[in-house]
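Spelled out, the chains give:
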Number of protein chains: 4
Amino acid sequence: MSLNSFGHLFRFTTWGESHGPALGVVVDGCPPGLPLTEALIQPWLDKRRPGQNRNTTQRQEPDAVRILSGVFEGVTTGTAISLLIENTDQRSKDYGDIAQAFRPGHADLTYHLKYGVRDHRGGGRSSARETAARVAAAGVARAVLDALAPQVRITGYMVQMGEKRIDRARFDREEIGRNDFWCPDPVAAAEWADYLDWLRKDDHNSVGAMIEVVAESVPPGLGAPVYGKLDSDLASAMMSINAVKGVEIGEGMAAAALTGRDNADEIFLEDGSLRFGSNKAGGILGGISTGQAITVRFAVKPTSSILSPRRSIRTDGTAVEVVTKGRHDPCVGIRAVPVGEAMMALVLADHLLLDRAQTGGVRGRIG
Amino acid sequence: MSLNSFGHLFRFTTWGESHGPALGVVVDGCPPGLPLTEALIQPWLDKRRPGQNRNTTQRQEPDAVRILSGVFEGVTTGTAISLLIENTDQRSKDYGDIAQAFRPGHADLTYHLKYGVRDHRGGGRSSARETAARVAAAGVARAVLDALAPQVRITGYMVQMGEKRIDRARFDREEIGRNDFWCPDPVAAAEWADYLDWLRKDDHNSVGAMIEVVAESVPPGLGAPVYGKLDSDLASAMMSINAVKGVEIGEGMAAAALTGRDNADEIFLEDGSLRFGSNKAGGILGGISTGQAITVRFAVKPTSSILSPRRSIRTDGTAVEVVTKGRHDPCVGIRAVPVGEAMMALVLADHLLLDRAQTGGVRGRIG
Amino acid sequence: MSLNSFGHLFRFTTWGESHGPALGVVVDGCPPGLPLTEALIQPWLDKRRPGQNRNTTQRQEPDAVRILSGVFEGVTTGTAISLLIENTDQRSKDYGDIAQAFRPGHADLTYHLKYGVRDHRGGGRSSARETAARVAAAGVARAVLDALAPQVRITGYMVQMGEKRIDRARFDREEIGRNDFWCPDPVAAAEWADYLDWLRKDDHNSVGAMIEVVAESVPPGLGAPVYGKLDSDLASAMMSINAVKGVEIGEGMAAAALTGRDNADEIFLEDGSLRFGSNKAGGILGGISTGQAITVRFAVKPTSSILSPRRSIRTDGTAVEVVTKGRHDPCVGIRAVPVGEAMMALVLADHLLLDRAQTGGVRGRIG
Amino acid sequence: MSLNSFGHLFRFTTWGESHGPALGVVVDGCPPGLPLTEALIQPWLDKRRPGQNRNTTQRQEPDAVRILSGVFEGVTTGTAISLLIENTDQRSKDYGDIAQAFRPGHADLTYHLKYGVRDHRGGGRSSARETAARVAAAGVARAVLDALAPQVRITGYMVQMGEKRIDRARFDREEIGRNDFWCPDPVAAAEWADYLDWLRKDDHNSVGAMIEVVAESVPPGLGAPVYGKLDSDLASAMMSINAVKGVEIGEGMAAAALTGRDNADEIFLEDGSLRFGSNKAGGILGGISTGQAITVRFAVKPTSSILSPRRSIRTDGTAVEVVTKGRHDPCVGIRAVPVGEAMMALVLADHLLLDRAQTGGVRGRIG
């Protein structure tokens, strides 16, 4: 059972509602002896934190993480690690209107249908605020990666906002951290900025996005047939992020259009190292990493809470036009970038430990 | 841990290699008292079975399922259900060449790297033959659906082969079973037939495909936040199918291009029933079913085993040109259609039982 | 994986060290709509709380529970329930001596061997303080029982302290709450009081105990073959409590001495209700409840931390005589009584939900 | 969920009914590269097999195991291992009488109540025949032990039959395999033989037993707080065996009578190795192995199926006197000995892999 938990061996359980007193995560299965402090986790939360620019919700919270267990004198002890983030800026009154009306495209309706009761304030459990807990958990995952595979490098960025895609020819890794959108293309970033301003102020609308997360230098051999496939776990991980509607590995949906000849990533051995003619597979074959860069993309739908009126019903069944005030990201995809990176780190840490259990980390030899 | 198991409560474990003596599945958590016989499961296996036309592998096997446990006098007893399918047509000699050479795009390489040893015959555990076990398990899942939600209707079909897509205007549900491709568009089906003949005979190539699986009349309220989301489980389920590289729910990757106004599925109440202005969400909001049709698409990459030579290496590191003889589907996507349907049935049965546990099947009222 | 989690469907995860800032539990899988407040959970924690009399550790803490998630306006929402208890009275300096020396009979040694690092303060994760989190979780389990099987009555009591057993002929349920030992025999309670005074003050020693937990009016049909047996889960649950060394169901170890004729609980039907000639089985047959009282006993070893010197070694390998000062229960079995009740409630809640999933709560008919 | 599965990482799932066509087990999580053949597993099944002497059921079956997957050319491949044992001697007619009447002390009643339907033949899923599947799985576990901890030595034996206990002063390890009862005391073995003859032939009765299983040379550091404790898992494992009513570790239930001074296993370092003054703890402290011998005892109740009449009811509610003919062990405890050994091997293999995942097998240093 895993309603609020994720992972095989490195397993985390999140809890908390958008407007409750706090939210948090318990991380189970972490190895002992790893350096871990709040200062090591906090930067990842800061990266995800809202209110940093005009394009994300203006909710202002420090999102300060506290380690409540599992760490002693700056190192992990091998016991359960509890991380807590207080909610300090819950303006519940903003959400009074949505207690009785279902926002189209939002989980209001399904929570009501399934549970009868729901904490409507800020979306309660369905709020993207839950992802702060994942990002905190990923701080622990990164400690595992640093210990077992320090060469791994995880990079997330936006490749599309609405209908506007980046130009891959202009891809600049350094640019990613320089704009509000984790956009690797400076020209696209500038266009997106204008577009989003207009969308928010004039159009009272929101927009979807596509995020790409790449993990480089991942050891080969992570993953397992058949239901512990690395790509299957990544698909589940990314699809569990709020508003995600599609997940791709490597060529993704475009693989449908390829022929076998084009799709074959030819294999070479150079100076004793594996080399490939291409990376259509996105670094995963048969559910197991090849050693090539693992490439995942996911699509985030536009924010459901918009200022434009949409037709809906109230809990009493009467018709209503819903207009959602409050603080909402016009493009939730922006904040999904560090969350996607977090899920990548969490899945990789889990599979590193799984692989250590099953194979002892020993690899089959070539040559 | 779930290396070879899938599901929360209705949980199945598959085993078996392509060229071992048999393959099978153990289904755990099935309710008692459900009618179940081999005759009820066999038609689903027959639908998936290879060798039925010239476009799928010419391997000829009856794929006859045997129920070995968990059923007494034609009804389930509530104990573990073991299903077994014997492998009767293993021509291992066909595969002698690939014991020492890695097929590009195939799991040969990663199995070797991870495990050191592997059953190379027919791909061993990485063979799509494993999906026969899932299809058998889905026979049990359908018995659960028949008992708890008999109105549910699951339909899978191909919407794209290579670069050739169906025309949705010609969508004809009756057509799906009439051609070799589970194609709902008779014109596309004819084109695909010619294309595949040429691809196989003249081009010595293979091609990818896109499959859509729709579940209609699914009760609202199935699924759960946050890591038991229905869409997260469906993504994991579909991505675990051999050769799948992308999964979409509803608008899927195209959601990235939408605005919030366009994406909002407006909500109405008509004669006491929920109605929606559209189904961009693909029947799932916040990880929980809305009652609308659940729509999943997934992309299948082209078969890696082709007659055209590709560059690769042998296990000893020497370079080689790999040409794969043997019986291989030029478009594995065709057989992925019944497998996708099976995974849908398995996920829905699991969530029906999970929901019964948590809510007793009671729904929140509207009006 | 379940290093810090327990339960199939109603699954809880505890975290926290004895002298960390707090400890807590996340409860997953709870049904929605159940009344739950801190005031409903607190009495169970108060029952377990130390410092209430001279026979338990003099550590004084309010052990006030806070609900941080999963509850809205006094009812459960179906999402993860996070409960937190702050540690307010950690006198870490008391434990300075044990940082470098292993107490015989204590987890100091094995934690050191396994993890290399450990939070030695108060035993860290191995402290019985962890059981406060279970007792809090059981507050949620009782809400489940109240909703699905309100007639269930769980009663725990001590039946033996050291070599002194209760006289079953003097069993008085009302007496249990009147003495410091949850002892149903007033004569034994008086003897135990004198004995424990002497043991603590004069003998500088501690003593073991045996606890019995009975669940009456449990519905028949809870549990499942083969590894979800109710007794198997109860054995695991009770053995996971600190210092427990043995678990019995019904006749328990004494069943080894019985013959089949004596052991047969004869079955009758009276006024349409099942009746039994005896309850040797302790209410469980084939891992499934019969409807008779479920009877579990477990033995708790004496507190390892005593004022009498015992020979041991330091982490540097040198020999040492260990004398443990600090606040320690001379008979930890006393506080194990409410913990045993808690584990019974947790296991029953889990199996009530599991049974609802698999059978819908429908029972096979007799007559 | 684990209705028919056991284990964290090394996880097995059993299936099969007493009188179905076959029974079996799927073992998941086994490392690759381990030698495994049917010839390596078969001896363990032969040890458990009925019909070997007059004191166990006269059912005659070869219990020949077949490996159906997960092994290639004599070594494990890291994929799911499926083991199958055919049922060849099902005399179903013998059991016709019990289809409609509940044997007191047997799972007949609870299966009927829970499931409504049941395979009554030979007890169906509740039959001790299920343990053959565990013993087969333990053949795989032993391959793991041989690879990761070859020094481990597991020995099971009976220490009590009915009221007759062995004399520990006469304990002779060599004697265990020489008599029909796995009895280490030749005098007791002779007494038991006479007693059991009389019980079966003249008294038409059965009798309980107590089994002890000892694992020597287990590495320290196996197990984990809090719900992955080695003793908690062993308790669950042993209690899941048919007819077991109590489980003890080390001093077990007798720990209740000890004082802290007596219970302390004093610790020494001799020539760099840990030594202990005693082993009251049974080799486990805080849920983690100390390196001392792990000692588990469990009580098996007498066979419920006896030739002496017991009062019961039929499924239609009418009263009946049940006399059970057919082939039944007068003391099922005898065959529980190899099953207890099997469960010990399975739990240890699981924890060896778990420990490798979490700590990499590195131990904290002393000195």
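Residues numbered from 1 in each chain as written. Chains lettered and ligands numbered in written order. Predicted model: local features only at pLDDT ≥ 70, side-chain atom pairs only at ≥ 80, totals over all residues. Heavy atoms only, no water.

Chain A is annotated in an unreviewed UniProt entry as Chorismate synthase of Rubellimicrobium aerolatum. UniProt annotates chain A under Sequence similarities (unreviewed entry) with the comment "Belongs to the chorismate synthase family." According to UniProt, the comment filed for chain A under the heading Subunit (unreviewed entry) is "Homotetramer." (UniProt positions renumbered as here; feature names shortened; annotations may be inferred.)

K.L.:
Where do I start with the overall build of chain A in this structure?
P.N.:
Check the secondary structure of chain A and you find seven helices and 18 strands. Taking the principal axes of its C-alpha atoms as reference, chain A extends roughly 70 × 50 × 35 Å. Counting only contacts in chain A whose residues sit at least 6 apart along the sequence, the fraction spanning at least 24 positions is 70%. Total accessible area computed for chain A in this model is approximately 10,800 Å², and 47% of it derives from carbon and sulfur atoms. Charged side chains in chain A number 42 positive and 44 negative. The centres of these two groups are separated by 4 Å. (Helix = DSSP H or I, 4+ residues; strand = E, 2+ residues; numbered from the N terminus. Contact = heavy atoms within 4.5 Å. Areas by Shrake-Rupley, 256 points an atom, 1.4 Å probe, with all protein chains shown as cover. Lys, Arg positive; Asp, Glu negative; His and termini not counted. Charge placed at Lys NZ, Arg CZ, Asp CG, Glu CD.)

K.L.:
Is there a simple way to explain the interface of chain C and chain D in this structure?
P.N.:
Interfaces are often sized by the accessible area lost when the parts come together. Counting residues at the interface gives 116 residues for chain C and 116 residues for chain D. In total, about 9,100 Å² of surface goes out of reach between chain C and chain D, with carbon and sulfur atoms giving 60% of it. Among the residues chain C hides against chain D, the three largest losses belong to K114, Y227 and R261 of chain C. Together they make up 10% of the total. Scanning the region where chain C abuts chain D turns up eight salt bridges. E266 of chain C is the partner of R310 of chain D in a salt bridge, and the nearest nitrogen-oxygen pair spans 3.9 Å. With seven residues, helix 2 (residues 108-115) of chain C is the single largest residue contributor to the side of chain C that touches chain D. Taken together, the residues of the side of chain C that touches chain D sort by class into 53 nonpolar, 40 polar and 23 charged. As defined by bridge partners, strand 11 (residues 244-249) of chain C adjoins strand 11 (residues 244-249) of chain D across three bridges and the pair is classed as antiparallel. Paired with E248 of chain C across the two strands is G246 of chain D, which belongs to strand 11 of chain D. (Buried area = accessible area lost by both parts, 1.4 Å probe. Salt bridge = Lys/Arg side-chain N within 4 Å of Asp/Glu carboxyl O. Nonpolar A, V, L, I, M, F, W, Y, C, P; charged D, E, K, R; others polar. Pairing = 2+ DSSP bridges.)

K.L.:
Help me out: how do you make sense of the relation of the copies chain C and chain D in this one?
P.N.:
Each of the two copies of the chain can be brought onto the other by a rotation about an axis and a shift along it. Superposing chain C onto chain D takes a rotation of 180° combined with a translation of 0.0 Å along the rotation axis, leaving an RMSD of 0.0 Å. What the superposition gives is, in effect, a two-fold axis relating one chain to the other. Scanning chain C for the C-alpha nearest the rotation axis identifies S236 of chain C, at a separation of 2.4 Å. A share of 100% of the interface residues of chain C reappears at the interface of chain D, consistent with the copies meeting face to face through the same patch. (Least-squares fit on C-alpha atoms with pLDDT ≥ 70 in both.)

K.L.:
Is there a simple way to think about the packing of helix 5 (residues 230-239) of chain A against helix 5 (residues 230-239) of chain B in this case?
P.N.:
Helix-helix packing is described using two parameters, namely the angle between the two axes and the distance between the axes. At a closest axis distance of 8 Å, the pairing of helix 5 of chain A and helix 5 of chain B adopts a crossing angle of 160°. Classed by the angle they form, the pair helix 5 of chain A and helix 5 of chain B counts as roughly antiparallel. Remark: the crossing between helix 5 of chain A and helix 5 of chain B carries right-handed chirality. Between helix 5 of chain A, through D231, S232, A235, S236 and M239 of chain A, and helix 5 of chain B, the contact on the second element is made entirely by D231, S232, A235, S236 and M239 of chain B. For the contact of helix 5 of chain A with helix 5 of chain B, a count of residues per class yields four nonpolar, four polar and two charged. (Axes fitted to C-alpha atoms, helices over the stretch in contact; angles between N-to-C directions. Parallel < 35°, antiparallel > 145°, perpendicular 65-115°, else oblique. Left-handed = near helix turned anticlockwise from the far one by under 90°.)

K.L.:
I would appreciate a short explanation of the side chain of N242 of chain D in the present structure.
P.N.:
One can find N242 of chain D in the loop between helix 5 (230-239) and strand 11. Owing to a relative accessible area of 16%, N242 of chain D belongs among the buried residues under this scheme. A polar atom in the side chain of N242 of chain D sits 2.8 Å from the backbone oxygen of S126 of chain D. If we ignore the near neighbours within four places in the chain, the residues touching N242 of chain D are K229 of chain C together with S126, S127, A128, E130, T131, R134 and V300 of chain D. (Buried < 20%, exposed > 50% of the residue type's maximum accessible area, 1.4 Å probe, protein only. Polar contact = N/O pair within 3.5 Å; in protein donor to acceptor, adjacent residues only side chain to side chain.)

K.L.:
Hey, could you run me through the UniProt feature "binding site: FMN" (unreviewed entry) in chain A in this one?
P.N.:
Those residues carrying the UniProt feature "binding site: FMN" (unreviewed entry) are R125, S126, S127, N242, A243, G286, K301, P302, T303, S304, S305 and R327 of chain A in this numbering. Inspection of the secondary structure puts R125 of chain A in the loop between helix 2 (108-115) and helix 3 (131-148). Non-local contacts of R125 of chain A, meaning those with residues more than four positions away in its chain, are made with N4, T14, W15, G16, E17, Y111 and E130 of chain A, P225 and V226 of chain B together with T79 of chain C. The residue S127 of chain A is located in the loop between helix 2 and helix 3 in this model. The residues contacting S127 of chain A, other than those within four sequence positions of it, are S18, G122 and N242 of chain A. Here the side chain of S127 of chain A touches R129 of chain A through a polar contact of 2.9 Å, landing on its backbone nitrogen.

K.L.:
Looking at this structure, I do not really get the relation of the copies chain A and chain B. What am I missing?
P.N.:
For the pair chain A and chain B, the superposition axis carries a translation of 0.0 Å, the fit reaches an RMSD of 0.0 Å, and the rotation angle comes to 180°. Of the residues that chain A buries at the interface, 100% are likewise interface residues in chain B, meaning the two copies contact each other through the same surface.

K.L.:
What's the story with the environment of G139 of chain B in this structure? I'm lost.
P.N.:
Residue and element names in this part refer to chain B. Note on placement: G139 falls in helix 3 (residues 131-148). Each C-alpha atom, one on G139 and one on I41, is 4.7 Å from the other, the two residues being 98 residues apart in sequence. In this view, G139 contacts L36, I41 and W44; residues no more than four positions away in its chain are not counted.

K.L.:
Where do I start with the pattern of salt bridges in this structure?
P.N.:
Close approach of charged atoms lets side chains of opposite charge pair. Across all of its chains, the model carries 92 salt bridges over all chains by this definition. Here D203 of chain B and R261 of chain A are joined by a salt bridge, their closest N and O atoms 2.7 Å apart. On the criterion of chain membership, the pair formed by D203 of chain B in the loop between helix 4 (186-201) and strand 10 (209-216) and R261 of chain A in helix 6 (residues 260-263) is interchain, its members lying in two chains. The exposure class assigned to R261 of chain A is partly exposed, which follows from its relative accessible area of 24%. Taking the shortest distance from any N to any O, the salt bridge between R170 of chain C and D185 of chain C comes out at 2.7 Å.

K.L.:
Even after reading the chapter, I still don't get the interface of chain A and chain B, so can you show me in this structure?
P.N.:
Contacts between chain A and chain B engage 116 residues on the former and 116 residues on the latter. A combined buried area of about 9,200 Å² lies between chain A and chain B, and 60% of that area is made up of carbon and sulfur atoms. Along the contact surface separating chain A from chain B lie 61 residue pairs in polar contact (both at pLDDT 80 or more). Counting residues per element, the side of chain A that touches chain B draws most heavily on helix 2 of chain A, which supplies seven residues. Among the residues forming the side of chain A that touches chain B, the class breakdown is 53 nonpolar, 40 polar and 23 charged.

K.L.:
Just checking my understanding: could you explain the sheet that holds strand 1 (residues 5-6) of chain B for this structure?
P.N.:
Residues and elements named next belong to chain B. Strand order in the open sheet formed by five strands is 1-2-3-7-4, with antiparallel pairing between adjacent strands. Bordering the open sheet on either side are strand 1 and strand 4 (65-67), each of which pairs with just one other strand. Set on the sheet, helix 3 makes contact with strand 2 (11-16), strand 3 (22-28), strand 4 and strand 7 (81-86); between it and strand 3 the angle comes to about 35°.

K.L.:
Even after reading the chapter, I still don't get the UniProt feature "binding site: NADP(+)" (unreviewed entry) in chain A, so can you show me in this structure?
P.N.:
Residues and elements named next belong to chain A. As annotated in UniProt, the feature "binding site: NADP(+)" (unreviewed entry) corresponds to R48 and R54 in the numbering used here. Its location among the elements puts R48 in helix 1 (residues 38-48). Here R48 falls in the buried class, since its relative accessible area comes to 1%. Excluding residues that lie within four positions of it along the chain, R48 makes contacts with D63, A128, R129, T131, A132, V135, R335, P338 and V339.

K.L.:
I tried to follow the environment of P219 of chain D on my own but got confused; where do I start?
P.N.:
Residue and element names in this part refer to chain D. Inspection of the secondary structure assignment puts P219 in the loop between strand 10 (209-216) and helix 5. With 58 residues separating them along the chain, P219 and M161 place their C-alpha atoms 32 Å apart. Contacts of P219, omitting those with residues within four sequence positions, involve A149, Q151, V152, S289, G291 and L352.

K.L.:
When you look at helix 3 (residues 131-148) of chain C in this model, what are you seeing that I'm missing?
P.N.:
Every α-helical turn comprises 3.6 residues, leaving residues that sit three or four positions apart pointing alike. Taking 1.5 Å of rise per residue, the 18 residues of helix 3 of chain C would be expected to cover 26 Å, and the 25 Å separating its terminal C-alpha atoms lies within 8% of that figure. Across the 18 residues of helix 3 of chain C, 15 count as buried, placing the element largely inside the fold. (Expected span 1.5 Å × (residues − 1).)

K.L.:
It is not clear to me how the packing of aromatic side chains should be interpreted in this structure. Could you clarify?
P.N.:
One pair of aromatic rings is described through two measures. These are the centre distance and the angle between the planes. Considering all chains together, one arrives at 28 aromatic pairs over all chains under this definition. Note on Y157 of chain A and F171 of chain A: the rings are 5.0 Å apart at their centroids and 80° apart in plane angle, and the pair reads as edge-to-face. Here F171 of chain A lies in the loop between strand 9 (164-165) and helix 4 (186-201) and Y157 of chain A lies in strand 8 (residues 153-161), a separation of 14 residues in the sequence. Residue class for F171 of chain A comes out partly exposed when judged on its relative accessible area of 31%. Measuring from centroid to centroid gives 5.7 Å for Y111 of chain C and Y115 of chain C, while their planes differ by 70°, and the two rings are edge-to-face. In this pair, Y111 of chain C and Y115 of chain C both sit in helix 2, four residues apart, roughly one turn of the helix. Taken individually, Y111 of chain C and Y115 of chain C each receive the classification buried, so the pair is uniform in this respect. Connected via pairs of aromatic rings, a cluster forms that spans F6 and F12 of chain A together with Y227 of chain B. One residue, K164 of chain C, lies across the ring of Y195 of chain C, its end atom 5.1 Å from the ring centre. (Phe/Tyr/Trp six-rings, centres within 6.5 Å; stacked < 30°, edge-to-face > 60°. Lys NZ or Arg CZ within 6 Å of the ring centre and 35° of its normal.)

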